[in-house]
Amino acid sequence: MPELPPLFERRYNERGAPPGTFVAPESSTPARIRVVHYDAETSNEWEASEPLVLDVERRPGAVLWIDVQGLGDGSALRALAEHFGLHPLAVADAFNVGQRPKADEYDESTFVVLRAAHPDEEGERIDWSQLALFVLDGAVVTVSECVTPCLEPVRQRLRAGASHLRGGGADQLAAVVVDTIVDGYFPALEALGDRLEVLEEQILERPRRDVLRRLYRTKRDLVAFRRATWPLRDALHDVCRAPGPHFTEHVHHELRDTTDHVVQVVDLLESYRELASSLVDVHVSMLGQRTNESVRVLTVVSTIFIPLTFLAGVFGMNFDRSQPGNMPELGLPYGYVAFWALCVALALVLVLVFRRLGWIGAREREPEVE
Amino acid sequence: MPELPPLFERRYNERGAPPGTFVAPESSTPARIRVVHYDAETSNEWEASEPLVLDVERRPGAVLWIDVQGLGDGSALRALAEHFGLHPLAVADAFNVGQRPKADEYDESTFVVLRAAHPDEEGERIDWSQLALFVLDGAVVTVSECVTPCLEPVRQRLRAGASHLRGGGADQLAAVVVDTIVDGYFPALEALGDRLEVLEEQILERPRRDVLRRLYRTKRDLVAFRRATWPLRDALHDVCRAPGPHFTEHVHHELRDTTDHVVQVVDLLESYRELASSLVDVHVSMLGQRTNESVRVLTVVSTIFIPLTFLAGVFGMNFDRSQPGNMPELGLPYGYVAFWALCVALALVLVLVFRRLGWIGAREREPEVE
Amino acid sequence: MPELPPLFERRYNERGAPPGTFVAPESSTPARIRVVHYDAETSNEWEASEPLVLDVERRPGAVLWIDVQGLGDGSALRALAEHFGLHPLAVADAFNVGQRPKADEYDESTFVVLRAAHPDEEGERIDWSQLALFVLDGAVVTVSECVTPCLEPVRQRLRAGASHLRGGGADQLAAVVVDTIVDGYFPALEALGDRLEVLEEQILERPRRDVLRRLYRTKRDLVAFRRATWPLRDALHDVCRAPGPHFTEHVHHELRDTTDHVVQVVDLLESYRELASSLVDVHVSMLGQRTNESVRVLTVVSTIFIPLTFLAGVFGMNFDRSQPGNMPELGLPYGYVAFWALCVALALVLVLVFRRLGWIGAREREPEVE
Amino acid sequence: MPELPPLFERRYNERGAPPGTFVAPESSTPARIRVVHYDAETSNEWEASEPLVLDVERRPGAVLWIDVQGLGDGSALRALAEHFGLHPLAVADAFNVGQRPKADEYDESTFVVLRAAHPDEEGERIDWSQLALFVLDGAVVTVSECVTPCLEPVRQRLRAGASHLRGGGADQLAAVVVDTIVDGYFPALEALGDRLEVLEEQILERPRRDVLRRLYRTKRDLVAFRRATWPLRDALHDVCRAPGPHFTEHVHHELRDTTDHVVQVVDLLESYRELASSLVDVHVSMLGQRTNESVRVLTVVSTIFIPLTFLAGVFGMNFDRSQPGNMPELGLPYGYVAFWALCVALALVLVLVFRRLGWIGAREREPEVE
Amino acid sequence: MPELPPLFERRYNERGAPPGTFVAPESSTPARIRVVHYDAETSNEWEASEPLVLDVERRPGAVLWIDVQGLGDGSALRALAEHFGLHPLAVADAFNVGQRPKADEYDESTFVVLRAAHPDEEGERIDWSQLALFVLDGAVVTVSECVTPCLEPVRQRLRAGASHLRGGGADQLAAVVVDTIVDGYFPALEALGDRLEVLEEQILERPRRDVLRRLYRTKRDLVAFRRATWPLRDALHDVCRAPGPHFTEHVHHELRDTTDHVVQVVDLLESYRELASSLVDVHVSMLGQRTNESVRVLTVVSTIFIPLTFLAGVFGMNFDRSQPGNMPELGLPYGYVAFWALCVALALVLVLVFRRLGWIGAREREPEVE
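Residues numbered from 1 in each chain as written. Chains lettered and ligands numbered in written order. Predicted model: local features only at pLDDT ≥ 70, side-chain atom pairs only at ≥ 80, totals over all residues.

Whenever I open this one, the overall build of chain A confuses me. Can you help?
Helix and strand content of chain A: ten helices and seven strands. If you line up chain A on its principal axes, its C-alpha atoms span 125 × 40 × 30 Å. For chain A, buried positions account for 48% of its 370 residues. (Helix = DSSP H or I, 4+ residues; strand = E, 2+ residues; numbered from the N terminus. Buried ≥ 20, exposed ≤ 12 C-beta atoms within 10 Å, placed from the backbone.)

Spelled out as structure tokens, the structure:
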């Protein structure tokens, strides 16, 4: 099984440092930067790299999208912050990954933080990365923690020529970016559902030893999933309810639809979580049932044979039969036959008692075997 | 037992595709389309099929109801969307089944998504299908995932001639459709209640081996049921509180009554869920109680007979009695009788000890046997 | 123990039937109808029966109270509905018992649904019946599911002559009816409290075999109780906050007091529920503790005696001592005494080991015996 | 251990009796009545008794505080109700102890119900009594269920001469009374915390047999505590938010501070409750761990010795060695030595198997013993 | 392992004492007092001690920060209260540590209570101390329970010269103080996450005996952590939503950012709490699984060998073979071989039965061993 992702992932600043400062980890790979500049008619797309020089001549009415993939040494982010006048607190949040999804309104931008899901191919592990989104006047800046090109489909739609998206503004692009990330939750959710169905089958029909480990991993993924989606629901709700200067009324329906999808994800997660909890309970009960059956078999066998073994031991004693009163039964004719008769009688009585208690023969009352 | 329904059922679009596009699954059967055109005096009813041609001459004041059963290849839905100008996001939700129940207000329509319950005849499995409802000006479009004619009773009432429904508008029809779906929850709920009562009886009186599997299935059905009804409650509440252009004040009482029924369903589901959880606890406790009893029987029998068997073994040893100190008791007169006396005494003492501990004879204090 | 009441009790209409239609069950007994017509000076009281003819000459300012006990074939309800112009949806709810408690505002009436508690004499079972209440202008109609005269105390107070109640209006009577039903919750609650105290004592001090069955029954009663009171709390709160045309300001204090009582009931129910859950946990732990003790006794006894029995068996073997190397110890003088010494030594060592592990002698550290 | 307090304590009126009537229990002791009449300059204090005669000549601007300790036969309460024109519903609540804490606004008074905590000296039991508080114009009436003088500190502060309290109005006195009762929660809370710490230590380090009983008692006290404080928090919040004619703005800070303390109590109670639940889980797990260890010891010892004992039994059989094929090994030279070699080998193999399974020798991997 | 911190820590006043009085514990060490007086240009910093004399000549526009470390005998706090006119209730809360985090608006100041986290170096224990914060006009007073200089980073930033902080007002300083305390939560949270990951590994892969104790400690720390952060979230939310005279609009973004961090902490705590609960469940299930395996081994071994041992005992009996019918089989040729054949056959049959029951050989179906 793949390793579990870490529980805690925030790279925090030095304590007491002024907000807005951040230190790049030493092993950081340089960020990749994809820029698209488009309006309804034209679309230019190119790649930049650190150090970032922003010398785009912006066409009026056109939208500029700068997609920073990977955090690098933070220089790209710093350059963008300076160029667009981004608020230092928002910039710090974009760099300090592990933020809670949220949508904050600043003077110059609306700042959105989301978490993107990356299920592996076997569906056994889900990784998460942070995507920060600045919606500015006529421009969108996206900063993703990892270099996976999860926004490639958006670029394809931009390239595809005349579309609703190309004619829209910066908020239209931002809404599509958010929707693309949320669409990415469903394959991860499906993988989780498949894992739960496998666990159901294993627990109810064919128990395996590592079922608990798998259940726990699934629960852990559910917890991480919920932490990514629950706050997003509230953040999107707020944006829907009170459209601001950067998210206008034009994208209301799109955002509401995306919010609905997030709520649907949250709903399914709750269901999964409840089923996972039930499965733990069922597993414990199944174990109890099986232990109970084993103990009953042991008790029945022991209770029947232990007295008989004692009897056999008694008649194997070496008391001096020449002395009076010592083991006269050993000398009786057919004493051995009587011994067997006694044993069989004793065993029969005990079997009947156990049957009346329902400890044996209960199988007939339980037609469906495991 | 019937198979469990799948946990995850959303047919999602390709990631990043523009909202409103959808791909029909390959194995889809063509949709059946029932059309009714009625006002207080006249009512015409006919059946259409894909490709759908909408050339109805609509009478002023009359209501047109188009009921699409099954999703087919989506062509009917596309034709309707074009004809009525339905919002592409709503159309996509109607096609992508597995949506969360909701009521969305668009310019041209109010869009409602519900889930219809289909309990099987034995009450052992409940299937769910999605029903999407567009309430337009003078027209209602319903799109159901499955071809089961669950709205037939509504058509019968329309055929039945002069009624409150025939005289009402499109929202009256929509309210009746929603009420009919909600009425369909009660038989499913009754089946669940019956299953719980059977489980109660089995767990408390006559435990069966597959009781846990049945309990888990019931819990799973409760979870699915809740996912269908909980959001519907909120959606209907919202429609009741703020009647819009498509759901007018005229159907306020009907909608409130339907909402009450949904709330009643949700309430009962919560009760069922709590009872199901209690039953798992009781089952685990019962198992613990039974294991405890078995272990006590085993312990009592073993503790009494193991020392006696040891004693019998001792007197069966073959130490050379001609040597001094070796097993003189075997040569005593009535040594064998003394042995038995010792055994009985030992057993009696142990029985008394166990009785004082309450391990034997506790049955008298517990008059009601299992 | 008395049987458990059913989980599901709604007699639902045929699916898709127009709201407001209802079918009487075949075995229904005819309804009893008690009528009171009173004002501050005079009070007339008589009994009617189905078919109901309402030919009362109503005095101005007087209040007419029609109390229908039992649903009968629904003819009385239908007659009342026609006479007073009751809303068909409210009438259907009055007939379809099993409704969730609620208070609905209609044009002609305020419609209240409550559930009345009927604990049996031993306090082992609580039954519930529905009471529907129509508050009209100068008239109150009550429809109770069962024929138990649970509103008799109200009639007695009306008969008692000049009182606050006699001088009040229809809403005053309705408030008193609701208060009487709510007062009836307390004996049921007390019975539940008594049952819990008995269970506490049984589980903590003297466990009985049927304790789980009793606990489960209590939990089930608590669930039903909560379903009856929780929604009532909200309904009464709403009526208190926004007095309408039928419930006027005059009964505000009375209603608030009744609401307080319902809240008190709900609070106690929550406490009971939590204690019942704790009791299940404690019971499971107690069982685990007892099983643990039994297993320890078994392990100690077995571990001590099984090796000894093996030794005794060894010295009972019949190897040919005439051959070299075969069981020379049997021929040693005092070999038997040495055998016993070995046995005692072995047993002592094991006893010491177990004592150090805390498996024996732990009783001294645990002064309070069970 | 002291007895558990009862679960249900409401002395309810006869069903259907008009609200405001109450019947004194037969065994009631007469109420003690303490009266203080004070203003900034003078303070008079005296004791009255039933039947209560209220002939105080009230100085303008002075505050009259009548503190009724014990309910007696209700005559004092009735006299006060008549004298001050208290609302009958409030008076009934003051007499019917077991009310939920609340603050109700009446025309002539604000009526507050609280519950006072009385931990016993060992901290093993917490009793609760009801305190009802009527805040009138220039007068305060307190009615406490028990005769414990829990308001003595307030009287001492009044006697102490010139203080903030002496100069304040009736609401100032009422706020101080409420604060004094709330201050009394902390010693009870501390006793509960101490009990939980003892239980932690017992469960984690030195398990005792009665630990479950103690845990359950603690849980029960927590439930009762929460029932006393949770509603009080809401009631005080409401009074803070909307100061009325009897609780004026002047005591806003005092009331908010008291509310904060109640919230702090509620918070701590929640923490305690969660820890108590965790302790039950830990206890069950510990028991499972111990049972598991016992069973392993039993299984290891049995599995090693049972086959050996069988072997010894075999070689102790009395087959007639003169017949062919019967037990030739008994006649072999050194057969006995071979037997022992076989036994030791078998035992060694089994020990190695168990060690590989981790059933023996696991202790080395677990350095910290219990 | 380090000792657990106490559950209850409030030093409460004498019951009924006027609010605002407090008694210093006898063993208190004197408080250390650090004073900073700064504006954008100059910054003076010095240390004071009890008795505190406040003779600062305040520059207009400059901010005075008095940081009291340790409570001492309360004289410093009293002097400050007098000098700044602090509300006695707030002063009492600053002295009575163990307060719930809150933000209260007084006339002269905004009073904030927080709890600072102090994880020890091994991350095995988290201590908490209270920090009280008075935001006045142009001055900030901080009173911390312990003498740890947790606000040293703030002083360093003040010393660092021209900065956003130096140019800001008293509320800017207060916001930075709060942010510094909240930043201190993350290392504690990381330590908890690390502990949980170690526990995960121990429970799922290599169970240790003290795992339950560690789990419980972690749960306890989570409970304490939540008590520190949950109310802080609400308090900061309130301050953000309604900036008052002391916390102005200027620090809105900073406070919102700090609030976001607190919410992030609360979110992670919830996740940790759920995982810790899951781990307890998994541990119990693992124990059940292991006990079940042990019992099965015992049952299989016993069930196979107990009848065989009985048989061997039978043939070791000493019935007098000269009498008719007594043990003729002992005299048969090859009787001993037949005995062995019988034993092997019996054992084989039982092995096959157990294999069909899945009690043996199940390992093949469970490829992944523990």
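After presenting the structure, the write-up continues.
Explain the relation of the copies chain C and chain B to me, please; I cannot follow it from the model alone.
Between the two copies of the chain lies a rotation about an axis combined with a shift along it. Each copy superposes on the other: chain C lies on chain B with an RMSD of 0.1 Å after a rotation of 72° and an axial shift of 0.1 Å. What the superposition gives is, in effect, a five-fold axis relating one chain to the other. (Least-squares fit on C-alpha atoms with pLDDT ≥ 70 in both.)

Would you mind going over the environment of Arg58(B) with me for this structure?
All names here are of chain B. Here Arg58 is to be found in the loop between strand S2 (43-49) and strand S3 (63-69). For Arg58, a count of 12 C-beta atoms within 10 Å puts it in the exposed group. Spatially, the C-alpha atoms of Arg58 and Ala139 are 9.8 Å apart, while their sequence positions differ by 81 residues.

Help me out: how do you make sense of the packing of helix H5 (residues 170-183) of chain A against helix H8 (residues 252-314) of chain A in this one?
Between two packed helices, the angle of one axis relative to the other and the distance separating the axes together describe the packing. Residue and element names in this part refer to chain A. Interhelical geometry of H5 versus H8 gives an angle of 15° and a closest axis separation of 10 Å. What the angle tells us is that H5 and H8 run roughly parallel. You can see that H5 and H8 cross each other, and the crossing is left-handed. Residues Ala175, Val178, Asp179 and Val182 of H5 lie in contact with H8, whose contacting residues are Glu254, Leu255, Thr258, His261 and Val262. (Axes fitted to C-alpha atoms, helices over the stretch in contact; angles between N-to-C directions. Parallel < 35°, antiparallel > 145°, perpendicular 65-115°, else oblique. Left-handed = near helix turned anticlockwise from the far one by under 90°. Contact = placed C-beta atoms within 7 Å.)

Whenever I open this one, the domain arrangement of chain A confuses me. Can you help?
Reports of interface size often rely on the accessible area that becomes lost once the parts have come together. Splitting chain A by domain gives domain 1 (32-284) and domain 2 (315-365). For domain 1 of chain A versus domain 2 of chain A, the separation of C-alpha centres amounts to 77 Å. (Domains from an automatic or database assignment.)

Would you mind going over the sheet that holds strand S6 (residues 126-136) of chain C with me for this structure?
Sheet strands pair by backbone hydrogen bonding; their relative direction is either parallel or antiparallel. All names here are of chain C. Pairing in this open sheet of seven strands is mixed, and the strands run S2-S1-S3-S7-S6-S5-S4 from one edge to the other. Two strands bound the open sheet, and with one partner strand each, they are strand S2 (43-49) and strand S4 (102-105). Pairwise comparison of adjacent strand axes, ignoring direction, gives a mean angle of 15° for this sheet. Of the pairings in the sheet, the one linking S6 to strand S7 (residues 139-144) comprises six bridges and is antiparallel in character. Looking at the pairing, Phe134 lines up with Val141 of S7. Each of S4, strand S5 (110-119) and S6 is contacted by helix H7 (residues 211-241), which is oriented at about 30° to S4, the strand it contacts most. (Pairing = 2+ DSSP bridges.)

Would you mind going over the interface of chain C and chain B with me for this structure?
The interface is formed by 54 residues belonging to chain C together with 64 residues belonging to chain B. Counting only elements with at least two residues in the side of chain C that touches chain B, the list comes to S4, H7, helix H8 (252-314) and helix H9 (335-356) of chain C. With 18 residues, H8(C) is the largest single contributor of residues to the side of chain C that touches chain B. Taken together, the residues of the side of chain C that touches chain B sort by class into 27 nonpolar, 14 polar and 13 charged. (Nonpolar A, V, L, I, M, F, W, Y, C, P; charged D, E, K, R; others polar.)

Is there a simple way to explain the interface of chain A and chain B in this structure?
Counting from both sides, the interface comprises 65 residues of chain A and, opposite them, 54 residues of chain B. Elements that contribute at least two residues to the side of chain A that touches chain B include exactly helix H3 (152-159), H5, helix H6 (185-204) and H8 of chain A. If one sorts the elements of the side of chain A that touches chain B by residue count, H8(A) sits on top with 33 residues. Across the side of chain A that touches chain B, the residue classes break down as 22 nonpolar, 25 polar and 18 charged.

Explain the arrangement of the chains to me, please; I cannot follow it from the model alone.
Where chain A comes nearest to chain D, the C-alpha atoms are still 9 Å apart, and the two do not contact one another. With no contact formed, the shortest span from any C-alpha in chain B to any C-alpha in chain D equals 9 Å.

Which parts of the structure should I look at to understand the packing of H6(A) against helix H7 (residues 211-241) of chain A?
Residue and element names in this part refer to chain A. Put simply, H6 and H7 touch, their axes get as near as 11 Å, and they point 155° apart. Here H7 runs roughly antiparallel to H6, going by the angle between their axes. Of the two elements, H6 crosses H7, and the hand of that crossing is left-handed. In contact with Tyr185, Leu192, Arg195, Leu196, Leu199, Gln202 and Ile203 of H6, H7 contributes Val211, Arg214, Leu215, Thr218, Asp221, Leu222 and Thr229. Considering only residue class, the contact of H6 with H7 consists of eight nonpolar, three polar and three charged.

It is not clear to me how the environment of Glu124(A) should be interpreted in this structure. Could you clarify?
Residue and element names in this part refer to chain A. Position of Glu124 among the secondary structure elements: in the loop between strand S5 (110-119) and strand S6 (126-136). The exposure class assigned to Glu124 is partly exposed, which follows from the 15 C-beta atoms found within 10 Å. Considered as a pair, Glu124 and Ala31 are 93 residues apart in the sequence and their alpha carbons are 28 Å apart.

Could you clarify how one ought to interpret the nonpolar core in this entry?
Most often, soluble globular proteins keep nonpolar side chains buried together rather than apart. Among the nonpolar cores identified, the biggest contains 453 residues, and Val140(A), Val140(B), Leu133(C), Val140(C), Val140(D) and Val140(E) are the most heavily contacted of them. When neighbours within four sequence positions are excluded, Val140(A) is seen to be in contact with Val63(A), Trp65(A), Leu133(A), Phe134(A), Val135(A), Ala170(A), Leu173(A) and Ala174(A). By size, the runner-up hydrophobic cluster in this structure holds 100 residues, among which are Leu311(B), Phe315(C), Ile306(D) and Leu330(E). (Core = buried A, V, L, I, M, F, W, Y, C linked by C-beta atoms within 7 Å.)

What exactly am I supposed to notice about the relation of the copies chain A and chain B here?
Superposition of chain A onto chain B requires a rotation of 72° combined with a translation of 0.1 Å along the rotation axis, giving an RMSD of 0.1 Å. Comparing interface residues between copies, only 15% of those in chain A also lie at the interface in chain B; the contact surfaces differ.

What should I look at first to understand the sheet that holds strand S7 (residues 139-144) of chain D in this one?
Residues and elements named next belong to chain D. Pairing is mixed in the open sheet, where seven strands are placed in the order S2-S1-S3-S7-S6-S5-S4. Each edge of the sheet is formed by a strand with only one pairing partner; in this case those strands are strand S2 (43-49) and strand S4 (102-105). Shown here is a sheet whose adjacent strand axes are inclined to one another by a mean of 15°, direction ignored. Inspection of the sheet shows strand S1 (residues 32-38) paired to strand S3 (residues 63-69) by seven bridges, in the antiparallel sense. Residue pairing for S3: His37 is matched across the bridge by Leu64. Along the sheet, helix H7 (residues 211-241) contacts S4, strand S5 (110-119) and strand S6 (126-136); its crossing angle with S4, the most-contacted strand, is approximately 30°.

When you look at H8(C) in this model, what are you seeing that I'm missing?
For H8(C), which comprises 63 residues, the first-to-last C-alpha distance of 92 Å matches the rise-based estimate of 93 Å (1.5 Å per residue) to within 8%. Counting buried positions along H8(C) yields 51 of 63 residues, so the element is predominantly enclosed. (Expected span 1.5 Å × (residues − 1).)

I tried to follow the environment of Arg32(C) on my own but got confused; where do I start?
Residues and elements named next belong to chain C. As for its placement among the helices and strands, Arg32 is situated in strand S1 (residues 32-38). We classify Arg32 as partly exposed; it has 18 C-beta atoms within 10 Å. Separated by 184 residues in the primary sequence, Arg32 and Tyr216 place their C-alpha atoms 36 Å from one another. When neighbours within four sequence positions are excluded, Arg32 is seen to be in contact with Glu47, Gln69, Gly70 and Val147.

Which parts of the structure should I look at to understand the pairing of strand S2 (residues 43-49) of chain E?
Strand residues, when the strand is regular, have side chains that alternate between the two faces of the sheet. Residues and elements named next belong to chain E. Burial analysis of S2 places just zero of its seven residues in the buried class, a small minority of the element. Of the pairings in the sheet, the one linking strand S1 (residues 32-38) to S2 comprises seven bridges and is antiparallel in character. Following the sheet pairing, Val35 is matched in S2 by Trp46. Between S1 and the antiparallel strand that follows it, S2, lie four residues.

I'm lost on helix H1 (residues 75-84) of chain C in this one. Help?
An α-helix turns once every 3.6 residues. As a result, residues three or four positions apart point the same way. All names here are of chain C. Among all positions in H1, only Ala76, Leu77, Leu80 and Ala81 are buried. Along the long axis of H1, the arc covered by the buried residues comes to 135°, so they all point the same way. Buried residues in H1 make contact with S1, strand S3 (63-69), helix H2 (88-95) and S7. Phi for Gly85, located one or two positions after H1, is positive at around 65°. (Arc of directions from axis to C-beta.)

Please clarify how the confidence of the model for chain A should be interpreted in this entry.
Reading predicted coordinates in detail is not appropriate for stretches of low pLDDT. Residues and elements named next belong to chain A. Residues at a pLDDT of 70 or more form 92% of chain A, whose mean pLDDT is 86. Confidence, expressed as mean pLDDT per element, reaches its minimum in chain A at helix H10 (residues 362-365) with 46 and its maximum at strand S7 (residues 139-144) with 94. Taken as a whole, residues 363-370 scores under 50 in pLDDT and shows six contacts with residues more than four places along the chain or in a different chain. In the model output, the complex is listed with pTM 0.88 alongside ipTM 0.84. (pLDDT = per-residue confidence, 0-100.)

I'm lost on unusual backbone geometry in this one. Help?
Despite not being glycine, Met327(C) shows a phi value in the positive range, around 50°. Summarising the element assignment, Met327(C) is placed in the loop between H8 and H9. Given 23 C-beta atoms within 10 Å, Met327(C) falls into the buried group. Of note in this structure, Tyr334(E) is not a glycine but carries a positive phi near 60°. Summarising the element assignment, Tyr334(E) is placed in the loop between helix H8 (252-314) and helix H9 (335-356).

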